[in-house]
Amino acid sequence: MIKLSLAAAAVFALTACATPALASPEEAAVTPPVQSDGVQVMILGTYHFDNPGLDLVNVAADDVLAERRQSELKLVAERLTAFQPTAVAVEKVPRGGSLIDPGFARFTEADLTSDRNEIVQIGYRIAHQQGIDRVYAVDAQDGEIEFFPFDRAQSFAEKTGQMDLVNGKIAQIQAEVEAIADDREATPMYELLARENDIERTQRMHSNFYYGLLKLADAEEQPGAALNYGWYARNALIFANIAASSQPGDRILVIYGSGHNYWLQHFAETTPGFQFVDPVPYLTGQATASTAANGS
């Protein structure tokens, strides 16, 4: 039996078949501007730079501390600052009764040469360079609801002779990973991140994995549904923390494992007073500070 951590749910977002279709600056500019007291939320999904090996299928990421990758990350940070963020939210569990991330207070530029984590390399880097002091830890832990009960789904599949369904989902993920493995090291960081945040791929991969497992059910057990509502619950709690951290007129840059993209984008798009901002035009240099000012 394959054992998974919570991080395993992000695995399908580590895969991309092709560079996404990119919006032109003109297309970006026609997005209706957010109200002056509304909150713009850019969800930047990432793969795990430090390659902790916790996912269902792991990508062997090259070293982001290498000179070339550091140069590319500087460019990524420069392009994302065109969004003019006023706050940063990261994938860390809040401690001490506050959503403020104490890790950022200890950050120095020397950490960029030793810490591979995307929170440091993108989130802290941008906050430090832009003089942002509002860096929030917005992650959630298991509570009343188990967030990723994949073991239940897998046990049910074994009991009911449906392991072909589960193995098929895993095989799809593996095929996606292998399809891009050859060119990952040669691909610029901004393009890797643009792939991670392709909206069409995000929707397709979420539906294939989560909704595909809704079939794991009978009159007594519905572990596929539990997997879906558990993952929804975690992301609802995350966005609640983002909302609680927000101030009128904020532009919040959210750095998270890209497996969270589907639901975090959903909440940013549909929660009253909030507006989702697509990071791809910024990553590719097609969006500017004037685009951000127009609420695009």
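Residues numbered from 1 in each chain as written. Predicted model: local features only at pLDDT ≥ 70, side-chain atom pairs only at ≥ 80, totals over all residues. Heavy atoms only, no water.

Q: Just give me the short version of the overall build of the chain, but keep the residues and values in it.
A: Helices and strands together make up the secondary structure of the chain, namely 12 helices and 5 strands. Evaluated residue by residue, the chain yields a buried proportion of 52% over its 296 residues. Pairs at least 24 residues apart make up 84% of the contacts formed inside the chain by residues separated by at least 6 positions. Put simply, the chain shows about 12800 Å² of open surface, and 50% of that area lies on carbon and sulfur atoms. (Helix = DSSP H or I, 4+ residues; strand = E, 2+ residues; numbered from the N terminus. Buried < 20%, exposed > 50% of the residue type's maximum accessible area, 1.4 Å probe, protein only. Contact = heavy atoms within 4.5 Å. Areas by Shrake-Rupley, 256 points an atom, 1.4 Å probe, with all protein chains shown as cover.)

Q: An account of the pairing of strand 1 (residues 39–46) is needed here, citing residue identities and associated values.
A: A regular strand carries its side chains on alternate faces of the sheet. Extensive coverage of strand 1 is indicated by the burial of 8 of its 8 residues. Direction of pairing for strand 1 relative to strand 5 (residues 274–277): parallel, over a ladder of 4 bridges. Residue pairing in the sheet places Val41 in a bridge with Phe276 of strand 5. (Pairing = 2+ DSSP bridges.)

Q: Could you give me a rundown of the sheet that holds strand 1, with the residues and numbers involved?
A: The 5 strands are arranged 3-2-4-1-5 in an open sheet whose pairing can be described as parallel. One side of each edge strand has no neighbouring strand; the edge strands of this open sheet are strand 3 (135–137) and strand 5. Put simply, the sheet's adjacent strands are angled 25 degrees from each other on average, direction ignored. (Axes fitted to C-alpha atoms, helices over the stretch in contact; angles between N-to-C directions.)

Q: Could you give an account of the packing of helix 2 (residues 67–80) against helix 7 (residues 189–196), naming the residues involved and the relevant values?
A: The interhelical angle for the contact between helix 2 and helix 7, taken along N-to-C directions, is 60 degrees, at an axis separation of 8 Å. Considered as vectors, helix 2 and helix 7 are oriented oblique to each other. Within the contact between the two elements, helix 2 uses Arg69, Glu72, Leu73, Leu75, Val76 and Arg79 and helix 7 uses Met189, Tyr190, Leu192 and Leu193. In terms of residue class, the contact of helix 2 with helix 7 is built from 7 nonpolar, no polar and 3 charged. (Parallel < 35°, antiparallel > 145°, perpendicular 65-115°, else oblique. Nonpolar A, V, L, I, M, F, W, Y, C, P; charged D, E, K, R; others polar.)

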